[in-house]
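Here are the chains, one letter per residue:
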Amino acid sequence: MPDPLIVGRPSNRELTEQLLGIVRPWGASGKAALAACALGTLWLGFAVTLTVATGIGLWGNNIPAAWAFAIINFVWWIGIGHAGTFISAILLLLEQSWRTSINRIVEAMTLFAVMQAALFPLLHLGRPWFFYWLIPYPATMGVWPNFKSALPWDAAAVFTYFTISLLFWYLGLLPELAAMRDYVGGRWRPRIYGVLALGWRGSAHDHRHYRLAYGLLAGLATPLVVSVHSVVSSDFAIGIVPGWHATIFPPYFVAGAIYSGFAMVANLLVPIRRVFGLHNVITPRHFDLVAKMLLVTGWIVIYSYATEWFFAWFSGEPYEFYQSFVARPSATGAVVFWMSIVCNVLVLQMFWSRRARRNPYALWIGSFFIQIGMWSERFVIVVQSLERDFLPSAWRGYAPTWVDLSILGGTVTFFLLLFLVFLRWMPFIPMSELKELVAKLNRAERKA
Amino acid sequence: MMRTGCVAEFASEEALLEAARAMRARDYTRLEAYTPYPVEGLEQVLALKRSWLNWLVFPVAMSGAGLGYLIQCYVNAINYPLNVGGRPPHSWPAFIPITFETSVLLGGVSAFVLFFLLARLPRLWQPIFDLPGFSSASDNGFWLGIDGRDPRFHPERTPILLANLGAARVDRIGPREESP
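Being a predicted model, the structure only gives us computed values, none of them experimental.

Criteria and cut-off values
- Here the residue numbers are simple positions, counted from 1 along each chain's written sequence.
- Ligands are numbered from 1 and chains lettered from A, in the order in which they are written.
- Reporting of local features is limited, given that this is a predicted model, to residues whose pLDDT is at least 70; pairs of side-chain atoms are given and counted only at 80 or more, and all residues count toward the totals for whole chains, interfaces and linings.
- Domain segmentation is taken from an automatic or database assignment of domains.
- Each axis is a line fitted through C-alpha atoms, and for a helix only the stretch in contact is used; angles between axes span 0 to 180 degrees, taken between their N-to-C directions.
- A run of H or I in DSSP counts as a helix once it spans at least four residues, and a run of E counts as a strand once it spans at least two, with each numbered from the N terminus.
- Comment on the angle field: the value is read as roughly parallel under 35 degrees, roughly antiparallel over 145, roughly perpendicular from 65 to 115, and oblique elsewhere.
- Helix crossings get a hand from a simple test, with the near helix turned counterclockwise from the far one by less than a right angle marking a left-handed crossing and a clockwise turn marking a right-handed one.
- A residue pair is marked as a contact if its C-beta atoms, positioned from the backbone, fall within 7 Å.
- For this classification, the nonpolar set comprises Ala, Val, Leu, Ile, Met, Phe, Trp, Tyr, Cys and Pro, the charged set comprises Asp, Glu, Lys and Arg, and every other residue, Gly included, is treated as polar.
- Each nonpolar core reported here comprises buried Ala, Val, Leu, Ile, Met, Phe, Trp, Tyr and Cys residues connected via C-beta atoms within 7 Å.
- In this scheme every C-beta is placed from the backbone, and a residue whose C-beta has 20 or more other C-beta atoms within 10 Å is buried, one with 12 or fewer is exposed, and one in between is partly exposed.
- Multiply 1.5 Å by the residue count of a helix minus one, and that product is the helix's expected span.
- Two strands are said to pair when DSSP picks up at least two bridges between them.

### Describing the domain arrangement of chain B
One can read the domain layout of chain B as domain 1 (5-51 + 142-173) and domain 2 (53-118). Just the C-alpha atoms count here: the centres of domain 1 of chain B and domain 2 of chain B sit 45 Å apart.

Laid out in structure tokens, this is it:
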């Protein structure tokens, strides 16, 4: 008998009191966390301003390693977003009820992660104020974007992904915002939530349009889960650089994205459950299922590693062979390669144990290492491939500067800041969906 | 949207469904319900038509695909033919990713916008919000509304009927009519 998704059968009133009651002013430690993240975000602003004002010569990028941190971080962040869409869209269509208590949190995670991701290619343009050159408009220069390149595909994919994620998240939030409007007291708060709720009143006439619109958005977001990172991987796979030119890349990247995303989900859920006392709606069953998703996607990643190595050998290309079997495991930066192997391949195996899957500490620590491992993997793909491509005379090492590290660290704090603001002011557990789930469970019990 | 009429609050979804069935049996047609979550089976009881939102989203998504493809084709194959890797200027496989993205983008945005149009939102104030205690509709109250435009609606008899069906409370919505 599996564990319940909801402990007990709380009444509608109890759920309202619990789930809207947690949106309240924070104590000293919560404020300190907000302040720390705000400071980190200011530092990010400083580093970004400096980069824009001076140029990306401030970064460690060089020729041949022209992509480096900007693209590593872009791929890492956008990958993290994928688990959110997977949970909220694919699991909705598959009628997996375990998504119910956590879907709004992970949708917010997607949104905020994609915001961090979008920052990097924008800055990497060098002259970010010309970003609109990506849009096909009849310019006086008489030239158009090259749509046969994967980079404009990427811009279109990320923009679409962000827009659809935002609309999906907001549409889902609507009933909760209305509940907040009806719940909170005071003069201004009901008005603010009231404006955000746009006059939602939960009428049966609206529900029928609402459910269809929500389902359609889920259906439209579903192919995005696989398409966005496939397009991102095309940025690499279309190039001829050894270590990039492989047809395994799209599924490999999608699995890696969902893998790192579920690691982030675990890293966020464990503290949220504890701090807000959500033990009755986020149960060991949820942890168990998240850890199983880590196992599934992690093993697809491991299989992709094996495929990559096999093709490096089977292709008979000396450059591919050298890249996979000499440069990555033994040249400069081999530490990062081995870190990705240890974190992504070895640490993952702890989740074969049922106890580890259900233990919040084990899940949190394992997921944290997986996040580091997935970042390292992208470092290996981006930097190590570029450092040593074809002619040894063109090889050059790469090292990040303090500006690179500031921007990476700054996006982590900016992400956390957005997330904390969301937790502080928004009803982050989908209450109406939980009430629906409880009603469904009650009906099933009566029938039995 | 209900401007006049009366609403009754019920304690559970079963009571609401029961009352809605009883009202339908008495030939009331303009019924509305306000619930904290979508109640299963309610749409059938109220005899609401299925939403036709999807019939608009699909053509919009398809026109998004067409638009995306035509723009790329015009730009890279007709107006400024681009030779990439010796492929013909109109090498369609390269245009597929963006064609897909524009169809999803336009389809998704249209689903979002159409929902608001069909639900006649945003509308921050509605007559029913003036009813004290209506806020339970987002908490634990299940409300059944009878629109004043319903031909069977009677300002005195309908509230009594609702009370007899087990409503916890019955209230009038909108301005009171002068009694003759």
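### Focus: the packing of helix H2 (residues 28-54) of chain A against helix H14 (residues 402-425) of chain A
Residue and element names in this part refer to chain A. Interhelical geometry of H2 versus H14 gives an angle of 140° and a closest axis separation of 7 Å. Relative to H14, the element H2 lies oblique. Both H2 and H14 take part in a crossing whose hand is left-handed. For the pair formed by H2 and H14, the contact residues are Ala 33, Leu 34, Cys 37, Ala 38, Gly 40, Thr 41, Trp 43, Leu 44, Ala 47, Val 48, Leu 50 and Thr 51 on the first element and Val 403, Ser 406, Ile 407, Gly 409, Gly 410, Thr 411, Thr 413, Phe 414, Leu 416, Leu 417 and Leu 420 on the second. Of the residues contributing to the contact of H2 with H14, the split by class is 15 nonpolar, 8 polar and no charged.

### Regarding the nonpolar core
Ranked by internal contacts, the top residues of the largest apolar core, which has 150 residues, are Ala68(A), Ile78(A), Ala213(A), Leu217(A), Phe262(A), Val265(A) and Leu294(A). The biggest single contributor to this core is helix H3 (residues 68-93) of chain A, with 17 residues. In this structure, Leu217(A) is in contact with Ile164(A), Leu167(A), Phe168(A), Leu171(A), Gly108(B), Ala111(B) and Phe112(B), ignoring residues within four places of it in sequence. Counting 31 residues, the second-largest nonpolar core is a separate cluster that includes Leu31(B), Ala33(B), Leu144(B) and Ile146(B).

### As for helix H4 (residues 103-124) of chain A
Every α-helical turn comprises 3.6 residues, leaving residues that sit three or four positions apart pointing alike. Residue and element names in this part refer to chain A. Here H4 spans 32 Å end to end across 22 residues, near enough to the 32 Å set by a 1.5 Å rise per residue. With 18 of 22 residues buried, H4 lies mostly within the body of the structure. The first or second residue beyond H4 is Gly 126, which carries a positive phi of 90°.

### Description of the sheet that holds strand E2 (residues 31-34) of chain B
All names here are of chain B. On the basis of which strands lie adjacent, the open sheet formed by 4 strands has the order E2-E3-E1-E4 and antiparallel pairing. Since the sheet does not close on itself, it has two edges, and those belong to E2 and strand E4 (169-173), each with one partner. Strand-to-strand twist in this sheet, taken as the mean axis angle between neighbours without regard to direction, amounts to 20°. Where strand E1 (residues 5-10) lies against strand E3 (residues 142-147), 6 bridges are found, and the strand directions are antiparallel. In the sheet register, Val 7 faces E3, and the bridge partner there is Gly 145. Helix-sheet contacts for helix H1 (residues 13-25) involve E1, E2 and E3, and the interaxial angle to E3 is about 20°.

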